[in-house]
Amino acid sequence: MRVRPVKMAASVRQWARRVIRLSHTNITGASGGLSVRFDRCSAGSYCRCFGDAAEGKQTHFGFETVPEAEKAKRVYKVFENVAQKYDVMNDAMSLGIHRLWKDKLLHVMCPQPGARLLDVAGGTGDIAFRFLEYIRFQQERQRRRETRAVETPSWQELSTNYSTEDEDGPRESKAVVCDINKEMLKVGKQKADSMGLVSGLSWVVGDAEELPFDDEQFDIYTIAFGIRNVTRIDQALQEARRVLKPGGRFMCLEFSKVTNPVLASLYDAYSFQMIPILGEVIAGDWKSYQYLVESIRKFPDQERFKEMIEDAGFYCVQYHNLTGGVVALHSGFKL
Amino acid sequence: MTVAQKHFFSCSTVVIRLLRNLVMFRNVLDRLVTETVRIHRYVKHVPLKPRTTPASVFVRSFTGAKDEAQPPFDTSLLDFLVCPLSKKPLRYESNTNELINEELGIAYPIIDGIPNMIPQEARIIKKASDTLNRPTQE
């Protein structure tokens, strides 16, 4: 752990952070590789400014700077600790609004029956469940429309008629939940079993930077509130592009920069005062939630992240700000 | 939809899910409950044929209890699951419940029906000696 920054006076540290944040926002339009490297090295150069020699590649873990190899381990431990209480904490911290964010993701996604979804860092499976329910709702609505259009005496005959057909069309929709953390997947699987969502849902333990899937397999790739925990974001984006079919869509839901300054200061106060306390009270883990709020601050803002997605080779990259920029929904296509 | 409506739907969905756990014949009543929540207009309830699922998994959800030590692995995953290192297809070994990459000589464990595709957690299969070594997993 880097001790030099901690030893500095708080005011100097804050000034330094502000400088780094400003330099983040100022560097736009840089060439692809350079901008990505700048982001990764900024944490390292922050240390180098204050006299420390950077050994190997450095990255950020919250406001700390750690070697890249260590970040993955520490993130794993964070989520292993919070897995059981993850959903409860999400509701408590976001006051239930995270459900609306995820619903918005689904509405923008508008999946068609037969689509294949890969939900990376899917953990407890929220996106995958919504995906399957959305598709089933679409299919049932379609079936009901067909039913009403045809004149038949009784619904019993209808059900026997339609049940012999291939209900789901040429291919059944499939959702694969991939997460690096076994505990999160276990919780997700239990939730699915209790909800009765078994068919069309698969669970795989895998690394977002090295996905265990063949090329061009999925129609939609989503990563909700997970990409900031990935050590090498550019690699995760490359892998996303690899596993998507041509025409496939990349969608990312992530905490981002709040644009309104009043809201920003309220949000900061809430993040740093309330959330770690909630974490301590509900999940019994202050540090994990401290990491969470810090990692949000270290993640690039909407425009920077949009550039990173474009650099990975996605087209028509757009973002929607949700809740005033607290969360941003980025979307890109592989063409 | 307004924000309040969205909240109401998500809350009611949670309540509905709790109710589901109390009934025996989940497949039919599942459909009934989902329809009452989502579609207000439609009155008739069409009991649809249960979805085709892998037979063993279907049985497990009916009984609600795990009869076997581990749930069986869904082999349809093998259609697109590959080794993360070489991106080559894998072979499912039912004896040891692992996914084998012959080329690199590594085996990925399957725990609770969930394949663990992290390279560091894979077991190296020695080519000459037996493959039933104690796996190097936590």
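Conventions used here
- Residues numbered from 1 in each chain as written.
- Chains lettered and ligands numbered in written order.
- Predicted model: local features only at pLDDT ≥ 70, side-chain atom pairs only at ≥ 80, totals over all residues.
- Heavy atoms only, no water.
- UniProt positions renumbered as here; feature names shortened; annotations may be inferred.
- Helix = DSSP H or I, 4+ residues; strand = E, 2+ residues; numbered from the N terminus.
- Expected span 1.5 Å × (residues − 1).
- Buried < 20%, exposed > 50% of the residue type's maximum accessible area, 1.4 Å probe, protein only.
- Polar contact = N/O pair within 3.5 Å; in protein donor to acceptor, adjacent residues only side chain to side chain.
- Contact = heavy atoms within 4.5 Å.

Looking up chain B in an unreviewed UniProt entry gives the name Protein preY, mitochondrial, with the organism given as Betta splendens. Here chain B is described in UniProt, under the heading Subcellular location (unreviewed entry), as follows: "Mitochondrion". Turning to chain B, the UniProt record has this under Sequence similarities (unreviewed entry): "Belongs to the PREY family."

Per an unreviewed UniProt entry, chain A is named 2-methoxy-6-polyprenyl-1,4-benzoquinol methylase, mitochondrial, and its organism is Betta splendens. Taken from UniProt, the Pathway (unreviewed entry) comment for chain A reads in full: "Cofactor biosynthesis; ubiquinone biosynthesis." Under the UniProt heading Subunit (unreviewed entry), the entry covering chain A gives this text: "Component of a multi-subunit COQ enzyme complex, composed of at least COQ3, COQ4, COQ5, COQ6, COQ7 and COQ9. Interacts with PYURF; the interaction is direct, stabilizes COQ5 protein and associates PYURF with COQ enzyme complex."

**Student:** Pulling in residues and values, what's your account of helix H9 (residues 182-195) of chain A?
**Tutor:** Residue and element names in this part refer to chain A. Spanning 14 residues, H9 covers 20 Å between terminal C-alpha atoms, matching the ideal 20 Å at 1.5 Å per step. Of all the positions in H9, only Lys182, Met184, Leu185, Val187, Gly188, Lys189, Ala192 and Met195 are classed as buried. N-cap assignment for H9: the residue whose side-chain oxygen lies 3.0 Å from the backbone N of glutamate 183 is asparagine 181. Glycine 196, located one to two residues past H9, shows a positive phi value of around 80 degrees.

**Student:** Let's hear about the side chain of A:Ser271: which residues, and what values?
**Tutor:** Residues and elements named next belong to chain A. Within the element layout of this structure, serine 271 appears in helix H11 (residues 261-283). The exposure class of serine 271 is buried, given its relative accessible area of 1%. Engagement of the side chain of serine 271 in a polar contact is seen with the side chain of arginine 297, the distance being 3.0 Å. For serine 271, the residues in contact, after removing those within four places along its chain, are Pro276, Val293 and Arg297.

**Student:** Could you give an account of the UniProt feature "binding site: S-adenosyl-L-methionine" (unreviewed entry) in chain A, naming the residues involved and the relevant values?
**Tutor:** Residues and elements named next belong to chain A. Per the UniProt entry, the sites bearing "binding site: S-adenosyl-L-methionine" (unreviewed entry) are Thr124, Asp179, Asp207 and Ala208 in this numbering. Of note, aspartate 179 is situated in strand S4 (residues 174-179). Its relative accessible area of 8% is what places aspartate 179 among the buried residues. Excluding its chain neighbours within four sequence positions, the residues that come into contact with aspartate 179 are Ala121, Gly122, Gly123, Met184, Leu185, Val204, Val205 and Gly206. Among the polar contacts listed, one links the side chain of aspartate 179 to the backbone nitrogen of glycine 123, at a separation of 2.8 Å. Note on placement: alanine 208 falls in the loop between strand S5 (201-205) and strand S6 (218-224). Residue alanine 208 is classed as buried on the basis of its relative accessible area of 11%.

**Student:** So what's going on with helix H10 (residues 233-243) of chain A? Residues and values would help.
**Tutor:** At 3.6 residues per turn, the α-helix brings residues three or four places apart onto the same side. Of the residues making up H10(A), those classed as buried are A:Ile233, A:Ala236, A:Leu237, A:Glu239, A:Ala240, A:Arg242 and A:Val243. Check the buried side of H10(A) and you find it contacts strand S3 (116-120), S6, strand S7 (244-255) and helix H13 (302-311) of chain A.

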